Amino acid sequence: MKRFLIGLALMAVMATTAQAQFLNYGVRAGVGFATHVDDLADNSPILAANVGGFVSFGFTQSESLLAENFCLQTGLNLIRRGSKFQEVLETPMSIREGKYDALYAQIPILATVRYELPIRQPGHFGLLSVGPAVNFGLIGKYQDRKFTRGLPQRDQNYIFDLPAFDVMNRLDISFLFGVGYEYEDLSVMLQLDYGFMAVTDSPDVLKRIADENSNAIVPLGNNIALLLTIGYQIPFR
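What this report covers is the structure whose coordinates are included nearby. A quick note: this is a predicted structure, and the numbers were derived from the prediction, not measured. (Residues numbered from 1 in each chain as written. Predicted model: local features only at pLDDT ≥ 70, side-chain atom pairs only at ≥ 80, totals over all residues. Heavy atoms only, no water.)

### Some remarks on unusual backbone geometry
1) Next: One non-glycine residue with positive phi stands out, namely Glu184, at about 55°.
2) Next: The class of Glu184 is exposed, set by a relative accessible area of 56%. (Buried < 20%, exposed > 50% of the residue type's maximum accessible area, 1.4 Å probe, protein only.)

### Considerations on the pattern of salt bridges
1) Next: Taken as a whole, this structure holds six salt bridges when the rule is applied.
2) Next: With a shortest N-O distance of 2.8 Å, Arg96 and Asp144 are connected by a salt bridge. Of the two residues, Arg96 is situated in strand β5 (residues 94–116) and Asp144 in strand β6 (residues 124–148); the sequence distance between them amounts to 48 residues.
3) Next: Residue classification places Asp144 among the buried positions, given a relative accessible area of 5%.
4) Next: Across the salt bridge formed by Glu182 and Arg114, the nearest N and O atoms sit 2.8 Å from each other. Within this pair, whereas Glu182 is found in strand β8 (residues 171–183), its partner Arg114 is found in strand β5, the two being separated by 68 residues in sequence.
5) Next: Glu182 gets classed as buried once you look at its relative accessible area, which sits at 8%. (Salt bridge = Lys/Arg side-chain N within 4 Å of Asp/Glu carboxyl O. Helix = DSSP H or I, 4+ residues; strand = E, 2+ residues; numbered from the N terminus.)

### With respect to the nonpolar core
1) Next: Judged by nonpolar contacts, Ile79, Phe85, Tyr100, Ala102, Tyr104, Tyr142, Ala164, Phe165, Met168 and Val199 together constitute the single largest core of ten residues.
2) Next: Element by element, the count of residues in this core is highest for β5, at three residues.
3) Next: Discounting chain neighbours no more than four positions away, the residues touching Phe165 are Ala102, Leu103, Tyr104, Gly137, Leu138, Ile139 and Arg170.
4) Next: Judged by nonpolar contacts, the second largest core, of five residues, contains Ala34, Ile46, Ala48 and Leu227. (Core = buried A, V, L, I, M, F, W, Y, C linked by side-chain atoms within 4.5 Å. Contact = heavy atoms within 4.5 Å.)

### Structural notes on a nonpolar patch on the surface
1) Next: A surface patch of nonpolar side chains, about 850 Å² in accessible area, is lined by Val113, Leu128, Val130, Phe177, Val179, Val188, Leu190, Leu192, Leu226, Leu228 and Ile230.
2) Next: Taken together, the elements giving at least two residues each to the nonpolar patch come down to β6, β8, β9 (186–203) and β10 (217–235).
3) Next: Mapped onto the elements, Val179 comes out in strand β8.
4) Next: Taking relative accessible area as the criterion, Val179 reaches 39% and is therefore assigned partly exposed. (Patch = residues over 30% accessible without salt bridge, like charges linked within 9 Å, V, L, I, M, F, W, Y side chains within 5 Å. Areas by Shrake-Rupley, 256 points an atom, 1.4 Å probe, with all protein chains shown as cover.)

By themselves, these are just geometric observations and shouldn't be taken as functional.
Here you go:
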C-alpha cells in the first residue's frame, strides 16, 4: 500500500508538470477529531486541526468533459494529530494513562472531481477528493503516567512528560478521502485522514517473556482523523 501511494503521488506530479495549467490558489482550515487506531490500548480522541494553503492545477485545454471537472491539488498544511489513552495494569487499582499531542507538516497530492449539482441556480458543485499525503513531525508532547488508587506513593507509580518525537516516529504516509460542496470561491469538505505508518513502536512483551534477549518490535497505533474544513480559493485571471 505504501508503494502504491508513493507511485500515485509521483504519477500525479508528472501529470501536473506535463499537462496541467495553473488554476488558482487559496487557504483552507478545519477542525475535527483525531485518535490512534490501536488494539492494545483504549484510545480516545483529541481535537484535530488543519490550517494551510493550496494550489490547484486543471486540464481545461482538454476536450474531455471529465478533464473540465477534474483538478490536481497540492500545498502545505500544519496539522494536529494524537490521542489520549488509558489501560488497566495488574489490578483495577493501577491505571496507566497519557496523551500524544503532535504537530505535523503535511504535503498532500489530491485528485478532485467536481460535479455540478442539478439545481435551478448554476454554480453549485459537489466535490470528491482522494490522494496520498506525506506528513513530517515538527513538535509536540507525550505524557504518560501510572498511578494506583489509594496508594499515591507506590514505588511503581511514575510520570513522564517528554517531547512527542522522542517516542513517536516523525514520518507518516497517509491517505485522504473527502466529500464536499463548492459555490463560487468557497468550499466545505468533510475529510478522512488515515495514516499507514506506525505512530510508535514497542518491544514485543510476549516474545520478551519467552526470550529475555528478544529485540522483537511491535508497531503501535496509526493516526486517523475526521475533519470539517472550509476553503477559500483565489481564481487565477
